[in-house]
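Descriptive analysis of the structure
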Amino acid sequence: MSDFFDALETRSQDEREASQLSQLSLQLAHARNYAPHYQTILADVNPAEVGAFEALAALPVTRKSDLIAAQASKPPFGGLTATPVGKLNRLYISPGPIADPEGHGEDWWRMGRALHAAGFRAGDLALNCFSYHHTPAGHMMETGARAVGCAVYPGGVGQTDAQVQAVTTYGLNGYIGTPDFLKLILDKADSLSADISSLKKAFVSGGALFPSMREEYGARGIATYQAYGTADLGLVAYETEAAEGMILDENVIVEIVRPGTGELVPDGEVGEVVVTLLTNVDYPLIRFATGDLSAIMEGQSPCGRTNKRIKGWMGRADQRTKIKGMFVDPAQVDRVVKAHAPIMKARLEVNLVDNKDQMVLKVETEDLSEGFRDQVAGSLQTECKLKGVVELMAPGSLPNDGKVIDDQRVY
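Because the structure is a prediction, the values reported are computed rather than measured. (Residues numbered from 1 in each chain as written. Predicted model: local features only at pLDDT ≥ 70, side-chain atom pairs only at ≥ 80, totals over all residues. Heavy atoms only, no water.)

Below, the discussion takes up the overall build of the chain. Scanning the chain for helices and strands turns up 11 helices and 20 strands. Relative to the compact-globule value of 22 Å for 411 residues, the chain shows a C-alpha radius of gyration of 22 Å, a close match. C-alpha extents for the chain along the principal axes are approximately 65 × 50 × 45 Å. Counting the 411 residues in the chain, one finds 53% classified as buried. (Helix = DSSP H or I, 4+ residues; strand = E, 2+ residues; numbered from the N terminus. Rg over C-alpha atoms; globule rule 2.2 N^0.38 Å. Buried < 20%, exposed > 50% of the residue type's maximum accessible area, 1.4 Å probe, protein only.)

Attention now goes to the nonpolar core. Membership of the largest hydrophobic core comes to 60 residues, with the highest contact counts inside it found for Leu24, Tyr38, Phe120, Ile176, Phe203, Val254 and Leu285. For this core, the elements supplying multiple residues, two or more each, are helix H1 (13-34), helix H5 (112-117), helix H6 (137-147), strand S8 (223-230), strand S9 (234-238), strand S10 (246-248), strand S11 (252-257) and strand S12 (271-277). Dropping the residues within four chain positions of it, valine 254 is found in contact with Val236, Leu248, Val273, Val274 and Val275. Ala166, Leu172, Ile196 and Leu199 belong to the second largest nonpolar core, which has 22 residues in total. (Core = buried A, V, L, I, M, F, W, Y, C linked by side-chain atoms within 4.5 Å. Contact = heavy atoms within 4.5 Å.)

Scanning all chains against the criterion turns up 3 aromatic pairs. Ring geometry for tyrosine 92 versus tryptophan 109: centroids 6.2 Å apart, planes at 55°, classification tilted. Residue tyrosine 92 is found in strand S2 (residues 90-94), and its partner tryptophan 109 is found in the loop between strand S3 (98-102) and H5; the two are separated by 17 residues along the sequence. Each member of the pair, tyrosine 92 together with tryptophan 109, is buried. Ring geometry for tyrosine 153 against tyrosine 170: centres 6.1 Å apart, planes inclined by 45°, an arrangement best described as tilted. In this pair, tyrosine 153 is assigned in strand S5 (residues 151-154) and tyrosine 170 in helix H7 (residues 160-170), connecting sequence segments 17 residues apart. Residue class for tyrosine 153 comes out partly exposed when judged on its relative accessible area of 29%. Of the aromatic side chains, those joined through ring pairs into one cluster are Tyr92, Trp108 and Trp109. The aromatic ring of phenylalanine 120 is capped on one face by lysine 201, whose charged end is 5.8 Å from the ring centroid. Against the face of phenylalanine 327 rests arginine 320, its NZ or CZ located 4.2 Å from the ring centre. (Phe/Tyr/Trp six-rings, centres within 6.5 Å; stacked < 30°, edge-to-face > 60°. Lys NZ or Arg CZ within 6 Å of the ring centre and 35° of its normal.)

Among the 5 residues in S9, 5 count as buried, and that is most of the element. Where S8 lies against S9, 4 bridges are found, and the strand directions are antiparallel. When the bridges of S9 are listed, threonine 230 appears paired with glycine 234. Linking S8 back to S9 in an antiparallel pair, the connection comprises 3 residues. In terms of strand pairing, S9 meets S10 through 2 bridges, oriented antiparallel. The residue bridging alanine 237 from the neighbouring strand is leucine 248, located in S10. (Pairing = 2+ DSSP bridges.)

Moving on, we get to H6. Taking burial as the measure, the 11 residues of H6 include 8 buried ones, the bulk of the element. Of all the residues in H6, the buried ones are Gly138, His139, Met140, Met141, Glu142, Thr143, Gly144 and Ala145. Residue glycine 149 follows H6 closely and has a positive phi angle near 95°.

Let us now look at the sheet that holds strand S1 (residues 62-63). Taken in spatial order, the 4 strands line up as S1-S13-S12-S11 in an open sheet, and their pairing is mixed. Each edge of the sheet is formed by a strand with only one pairing partner; in this case those strands are S1 and S11.

When the parts come together, some accessible area is lost, and that loss is often what is quoted as the size of the interface. Splitting the chain by domain gives domain 1 (13-55 + 84-250 + 295-311) and domain 2 (321-407). Here the C-alpha centre of domain 2 lies 30 Å away from the C-alpha centre of domain 1. The partner domain 2 presents 12 residues to the 15 residues of domain 1 that form the contact. When domain 1 packs against domain 2, close to 1,000 Å² is buried across both sides, 58% of that on carbon and sulfur atoms. Counting the surface domain 1 buries against domain 2, the share from its top three residues, Pro95, Asp180 and Gly206, is 39%. Linking domain 1 with domain 2 are 0 salt bridges. Linking domain 1 with domain 2 are 4 residue pairs in polar contact (both at pLDDT 80 or more). Those elements that provide at least two residues to the side of domain 1 that touches domain 2 are helix H8 (179-192) and helix H9 (211-219). (Domains from an automatic or database assignment. Buried area = accessible area lost by both parts, 1.4 Å probe. Salt bridge = Lys/Arg side-chain N within 4 Å of Asp/Glu carboxyl O. Polar contact = N/O pair within 3.5 Å; in protein donor to acceptor, adjacent residues only side chain to side chain.)

So, in structure tokens, the structure goes:
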């Protein structure tokens, strides 16, 4: 994997910064002219005068955590899109719920760069196990795979027996999906005595790739790399064979700020990831605060790529948590609580059991019946689109620490 996706990856930092600042001025002007949200918050900004990264850092932050309210007041996208809804390519609703757009153009989310770094090449046969329905992940990864010349089997989520059959039928050699779902496929193949040794590479996202997972997959002959991105932003950063942090995508500017503010922190200090898109004219997100934590790494990657690196995903600045590739928001837990009058208090605990995400909703209630437990479990699955265990507890059992979601996984 010593070659590069394009010449942008090895340009000098001076060349990169000059190009990015030029693109930034154009993007700011475009957003201010065509996206109502930015017409308001950038009304006093002259894009031509934002000629340094310090000037960018002075601009207002737009928070992902505010999207639900913004989209409710100005549907469907809160005024952040610059392309009319009817001229977009696809429309999605991600957990939250948050409306997400997809514009026209090859590899709109720019995932091809990350897949190339993970070893995917023209002629590879990829099993795409991200969902193709409602949320954008399936199409996000497929367009990236097609950008590097892969043929794609749209496996989607679930049905591990069918996933195994697809691998054996076509000799698929690449997996694309969440880190933990690959283990489910491997386990299913073992139980069926099916030979899926054709799988040699994996590109994962949508959840943490724990060291134990990478080691287990490596022992099975599968080289596994991960990327960090979101449904709104597309690719933000990606791993390479150097396996030292994640290199920033060439089409974004990433700032690390003190959580809850727009104030930059020194390189190496952990803070909230804030991203500005430089080439997306449909959804020109400027200083978009993700709610994720990371830090800028010192130095340059030994792989030869010259862009800056981040340490990867290091948790959440808020309690919004990704479970099995899906975000779960404290507001969703609150809606489950409000749907059942006997619930006095609840906390959603997230753990890793046998390298698989597990969520347990702990509920304080005087109704400890099995029927009530089943009702709450049904509401949890409906609200979060994920199955979870419900544990009924006596009033006063949960800590008084303000936590609604307690992520106990070790990263």
